[in-house]
Amino acid sequence: MFRFYAVPSWQALGADPKKSQGEPADPLSPKLDAPMERILDTAEYRGERALARAQRLVAEAKGPAVYARPPKDLPALLRTADQLLLFTHREAGERALVWRCECGTRFAVPVTLLRPVTIRCERCGRMVDLDPARSAGVSHLTGPELAQINSSRQALADFFREAMARGWPVMVARS
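Calculation criteria
- Residues numbered from 1 in each chain as written.
- Predicted model: local features only at pLDDT ≥ 70, side-chain atom pairs only at ≥ 80, totals over all residues.
- Heavy atoms only, no water.
- Helix = DSSP H or I, 4+ residues; strand = E, 2+ residues; numbered from the N terminus.
- Buried < 20%, exposed > 50% of the residue type's maximum accessible area, 1.4 Å probe, protein only.
- Contact = heavy atoms within 4.5 Å.
- Areas by Shrake-Rupley, 256 points an atom, 1.4 Å probe, with all protein chains shown as cover.
- Salt bridge = Lys/Arg side-chain N within 4 Å of Asp/Glu carboxyl O.
- Arc of directions from axis to C-beta.
- Phe/Tyr/Trp six-rings, centres within 6.5 Å; stacked < 30°, edge-to-face > 60°.
- Lys NZ or Arg CZ within 6 Å of the ring centre and 35° of its normal.
- Polar contact = N/O pair within 3.5 Å; in protein donor to acceptor, adjacent residues only side chain to side chain.
- Lys, Arg positive; Asp, Glu negative; His and termini not counted.
- Pairing = 2+ DSSP bridges.
- Axes fitted to C-alpha atoms, helices over the stretch in contact; angles between N-to-C directions.

**Student:** How should the overall build of the chain be read in this particular structure?
**Tutor:** Looking only at helices and strands, the chain has five helices and ten strands in total. Out of the 175 residues in the chain, the part that is buried amounts to 38%. The contacts in the chain between residues at least 6 apart in sequence include a share of 67% that link residues at least 24 apart. If you sum the accessible surface of the chain, you get close to 10200 Å²; carbon and sulfur atoms cover 51% of it.

This is how it looks when you write it as structure tokens:
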């Protein structure tokens, strides 16, 4: 297992922190709820599988290794982040319209099955009008595992973008 994090360049390279320009010493890291193998399974980084690169770097290094360093690796890491978001959107699940009863019960109906109808709320017994014009929003119907993977992909993509925006190297280390 491994984890990603980002720190200021002086901290990543082991330089003297007193010479820094006030960058925070706390590492920036994504909150991931799914295994890294499922998050990065098909993403690429510089013509290599992103997961394979991270595993290789962790195996070769005695401590943390630099996965990507700005500005040289900025375009490649942003492409990886875009791929993660593309996989998230591709596997988002079936589109559904959502309604809420007055008691708070949520009803989601796939758009393909939708026709105007009134149903009885299972919790409070009130009638809920499932009219597409009165929907409370749009959602995607996915299983809990896929939803967890997709939220972790989103978090990792956001982390990659934030690290590059700050100009911090992205590190990979054993967890």
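Now that the structure has been shown, the text picks up again.
**Student:** Looking at this model, I keep getting lost on the pattern of salt bridges. Mind explaining?
**Tutor:** Pairing between side chains becomes possible if they bear opposite charge and their charged atoms approach one another. All told, the structure shown has ten salt bridges when counted by the stated rule. With a closest N to O distance of 3.3 Å, Arg56 and Glu48 form a salt bridge. Judged by relative accessible area, which is 32%, Arg56 ranks as partly exposed. Residue Glu48 is classed as partly exposed on the basis of its relative accessible area of 24%. Several salt bridges converge on common partners, so that one network encompasses Asp41, Glu91 and Arg153.

**Student:** Would you take a moment to explain helix α3 (residues 50-60) for this structure?
**Tutor:** An α-helical turn contains 3.6 residues, so any two residues separated by three or four positions project in the same direction. Listing the buried residues of α3 in full gives Ala50, Leu51, Arg53, Ala54, Leu57 and Val58. Summarising the axial view, the buried residues of α3 lie within an arc of 165°, below the 170-degree limit, and thus occupy one face. Residues Ala59 and Glu60 are exposed on α3 and point more than 90 degrees away from its buried face.

**Student:** Sorry, what's going on with the packing of aromatic side chains here?
**Tutor:** Geometrically, a pair of aromatic rings is defined through the distance of the ring centres and the angle of the planes. Scanning the entire structure with this criterion turns up five aromatic pairs. Ring geometry for Tyr45 versus Tyr67: centroids 5.1 Å apart, planes at 35°, classification tilted. You can see Tyr45 sitting in strand β2 (residues 44-45) and its partner Tyr67 sitting in strand β4 (residues 65-68), a full 22 residues away along the chain. Taken together, the ring pairs connect Phe2, Phe4, Tyr45, Tyr67, Phe159 and Phe160 into an aromatic cluster. A cation over a ring is seen here: Arg53 above Tyr67, with NZ or CZ 5.1 Å from the ring centre. A cation over a ring is seen here: Arg166 above Trp168, with NZ or CZ 4.8 Å from the ring centre.

**Student:** It is not clear to me how the side chain of Asp73 should be interpreted in this structure. Could you clarify?
**Tutor:** Among the secondary structure elements, Asp73 is positioned in the loop between β4 and α4 (74-90). Asp73 gets classed as buried once you look at its relative accessible area, which sits at 7%. Among the polar contacts listed, one links the side chain of Asp73 to the backbone nitrogen of Arg69, at a separation of 2.8 Å. In this structure Asp73 touches Tyr45, Arg46 and Ala68, once residues within four positions along its chain are discounted.

**Student:** I keep staring at the side chain of Arg53 and nothing clicks. Help me out?
**Tutor:** The residue Arg53 is located in helix α3 in this model. Within the buried core, Arg53 has no salt-bridge partner, and the shortest N-O distance to an opposite charge, that of Glu48, equals 4.3 Å.

**Student:** How do you make sense of the pairing of strand β10 (residues 170-174) when you look at a structure like this?
**Tutor:** Across a regular strand the side chains alternate sides, sitting on one face of the sheet and then on the other. Counting buried positions along β10 gives four out of five residues, so the element sits mostly inside the fold. Of the strand pairs in this sheet, β4 and β10 are connected by three bridges, and their pairing is antiparallel. Note on β10: the bridge partner recorded for Ala68 is Val170.

**Student:** Can you help me understand the sheet that holds β4 in this one?
**Tutor:** Paired through their backbone hydrogen bonds, the strands of a sheet run either parallel or antiparallel. Here we have three strands laid out as an open sheet, ordered β1-β10-β4, and antiparallel in their pairing. Only two strands of the sheet have a single partner each, and these edge strands are β1 (2-6) and β4. Put simply, the sheet's adjacent strands are angled 40° from each other on average, direction ignored.

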